[in-house]
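Letter by letter, the chains look like this.
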Amino acid sequence: MKQLVIVQKIIRTTLILSLFFSCKNPSIDNTQNQSTTIVQKINKDSLVSKLNDNLQFIGDSLLNDKTLFIKDLVNKYQHDTCGFIAYEDSMLKTGFEGVNIIGDIIGNKRNDTVFVLPTFNYCDDGDSYYFFDTSLPRLYTDSYCCHPDNLFPIGDIDEDGISEICIFYSSCASRFKSLIAYSLKKKTWKEIGRCTFDINFMEPDKEKRVRKRDKGKFEMLEIVDEEENKKWIQFSF
């Protein structure tokens, strides 16, 4: 409360000075710009503080004492030039769906774990998949309908020791969805294949709609109606 009163006094004093100088100085625009800059800085500092509170809530309350891990992970992808987005804790709690253990991705004989977080800046336009193993970069999407269970491994298709992954992708509204396959190249997830399907036809399970054919070659099952447009599409990389 004390900090809020101080902020209010700063803003009020700045505005009073602006009015005073506007009567004596023709360069009123410059004074107004200074006032605007101060207000913007106050707003930014407040959002940064709220963002840190968000990350602490996620780390402590949602992921069981992983605050430092979450702060390091998110700040790695948080750019100052993109602005800051903060949330109420209740929204974060409602939207968080836990974690998904997806098996060994990098070949170290340890299970990898994935979870989903919303965007915390205005440059990102969708949710991202994050991994407990920090050697795996996040997988950014332009969808706000991401879920931990939507990401699954599809095997080491190119035989480089790292498993490829696939996501069930949704635009949230349409009945037509996608499966998108990725391979980790130069510390970045690179799209290597995509197919479309109608959610009226959910069989077989998504994990059975991608299969390896040979080294660097695989196929994905595309289903847009019951018979005529059900086919395996081939990809290579």
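As the structure is a prediction and not an experimental result, all values here were calculated from the model. Starting from 1, residues in each chain are numbered consecutively following that chain's sequence as written. Restriction of local features to residues with pLDDT of at least 70 applies here, the model being predicted, together with a cutoff of 80 or more for giving and counting side-chain atom pairs; totals for whole chains, interfaces and linings are based on all residues. Hydrogens and waters are ignored; side-chain quantities use all the structure's heavy atoms.

Asker: Describe the overall build of the chain, and please don't skip the residues or the numbers.
Answerer: Of regular secondary structure, the chain possesses four helices and 11 strands. For every residue, the accessible area obtained with a 1.4 Å probe (protein chains only) is divided by the maximum for its type, and the residue is called buried under 20%, exposed over 50%, and partly exposed between those limits. Counting the 237 residues in the chain, one finds 39% classified as buried. In this description, contact between two residues means that some pair of their heavy atoms is separated by no more than 4.5 Å. A separation of at least 24 residues holds for 46% of the contacts in the chain among residues at least 6 apart in sequence. The Shrake-Rupley method, run with a 1.4 Å probe sphere, supplies the accessible areas, and residue values consider only the shown protein chains as cover. With the model as given, the accessible surface of the chain reaches about 14100 Å², and the carbon-plus-sulfur share is 51%. A run of H or I in DSSP becomes a helix once it reaches four residues, and a run of E becomes a strand once it reaches two; helices and strands are each numbered from the N terminus.

Asker: Mind laying out the sheet that holds strand 1 (residues 99–103), listing which residues take part and the relevant values?
Answerer: In a beta sheet, neighbouring strands pair by backbone hydrogen bonds and run either parallel or antiparallel. By this definition, two strands are paired if DSSP reports at least two bridges between them. If you walk across this open sheet you meet the four strands as 1-2-3-4, and the pairing is antiparallel. The open sheet has two edge strands, strand 1 and strand 4 (139–140), and neither has a second partner. Pairing between strand 1 and strand 2 (residues 112–117): four bridges, direction antiparallel. Looking at the pairing, Asn100 lines up with Val114 of strand 2. To get an axis, fit a line to the C-alpha atoms, keeping to the stretch in contact for a helix; angles then go from 0 to 180 degrees between the N-to-C directions. In this fold helix 3 (residues 67–75) packs onto strand 2 and strand 3 (128–131), with an angle of close to 70° to the strand it touches most, strand 2.

Asker: An account of the nonpolar core is needed here, citing residue identities and associated values.
Answerer: Side-chain atoms within 4.5 Å link the members of a nonpolar core, which is a set of buried Ala, Val, Leu, Ile, Met, Phe, Trp, Tyr and Cys residues. Residues Leu55, Ile58, Ile70, Phe115, Leu117 and Phe120 are the most contacted members of the largest nonpolar core, which totals 20 residues. Listed by contribution, the elements that provide at least two residues to this core are helix 2 (28–62), helix 3 and strand 2. Per element, the largest residue contribution to this core is five residues, and it comes from helix 2. Non-local contacts of Ile70, meaning those with residues more than four positions away in its chain, are made with Leu55, Ile58, Gly59, Leu63 and Phe115. Among the nonpolar cores identified, the runner-up in size contains 17 residues, and Phe131, Ile165, Tyr169 and Trp189 belong to it.

Asker: How would you explain the environment of Ser135 if you had to name every residue and give the values?
Answerer: With respect to the helices and strands, the residue Ser135 is situated in the loop between strand 3 and strand 4. Since its relative accessible area comes to 46%, Ser135 is described here as partly exposed. Residues Ser135 and Lys187, spaced 52 residues apart in sequence, show a C-alpha to C-alpha distance of 8.1 Å. We call two N or O atoms a polar contact when they sit within 3.5 Å, provided that within protein one can donate a hydrogen and the other can accept it, with sequence-adjacent residues counted only if both atoms are side-chain atoms. Side-chain polar atoms of Ser135 contact the side chain of Asp133, separated by 2.6 Å.

Asker: Account for the state of the cysteines, with residues named and values stated.
Answerer: In this description, a disulfide is simply a cysteine sulfur pair whose atoms lie within 2.5 Å. Counted according to the given criterion, the structure contains two disulfides. Sulfur-sulfur distance for the disulfide between Cys82 and Cys123 comes to 2.0 Å. One quick way to see it: the torsion about the S-S bond of Cys82 and Cys123 is about -90°, and its sign makes the bridge left-handed. With Cys82 in the loop between helix 3 and helix 4 (89–95) and Cys123 in the loop between strand 2 and strand 3, this residue pair connects regions lying 41 residues apart in the sequence. Here Cys145 is linked by a disulfide to Cys172, with a sulfur-sulfur distance of 2.0 Å. For the disulfide bridge between Cys145 and Cys172, the dihedral angle about the S-S bond is near 125°, and by the sign convention the bridge is right-handed. Taken as a pair, Cys145 in the loop between strand 4 and strand 5 (151–155) and Cys172 in the loop between strand 6 (164–169) and strand 7 (176–185) lie far apart in primary sequence, 27 residues in all.

Asker: Could you give an account of unusual backbone geometry, naming the residues involved and the relevant values?
Answerer: In this model, Glu203 is joined to Pro204 through a cis peptide bond whose omega is 0°. Note on placement: Pro204 falls in the loop between strand 8 (188–198) and strand 9 (210–214). The phi angle at Glu159 is positive, at roughly 60°, despite the residue not being glycine. Relative to the helices and strands, Glu159 resides in the loop between strand 5 and strand 6.

Asker: Quick rundown of the pattern of salt bridges? Include the residues and the values.
Answerer: A pairing counts as a salt bridge when a side-chain nitrogen of Lys or Arg comes within 4 Å of a carboxyl oxygen of Asp or Glu. Considering all chains together, one arrives at nine salt bridges under this definition. With its nearest N and O atoms 2.4 Å apart, the salt bridge here joins Asp158 to Lys185. Of this pair, Asp158 sits in the loop between strand 5 and strand 6 while Lys185 sits in strand 7; the two residues are 27 residues apart in sequence, bridging distant segments of the chain. By relative accessible area, which is 11% here, Asp158 ends up buried. Residues joined in a network through salt bridges with shared partners are Asp158, Asp160 and Lys185.

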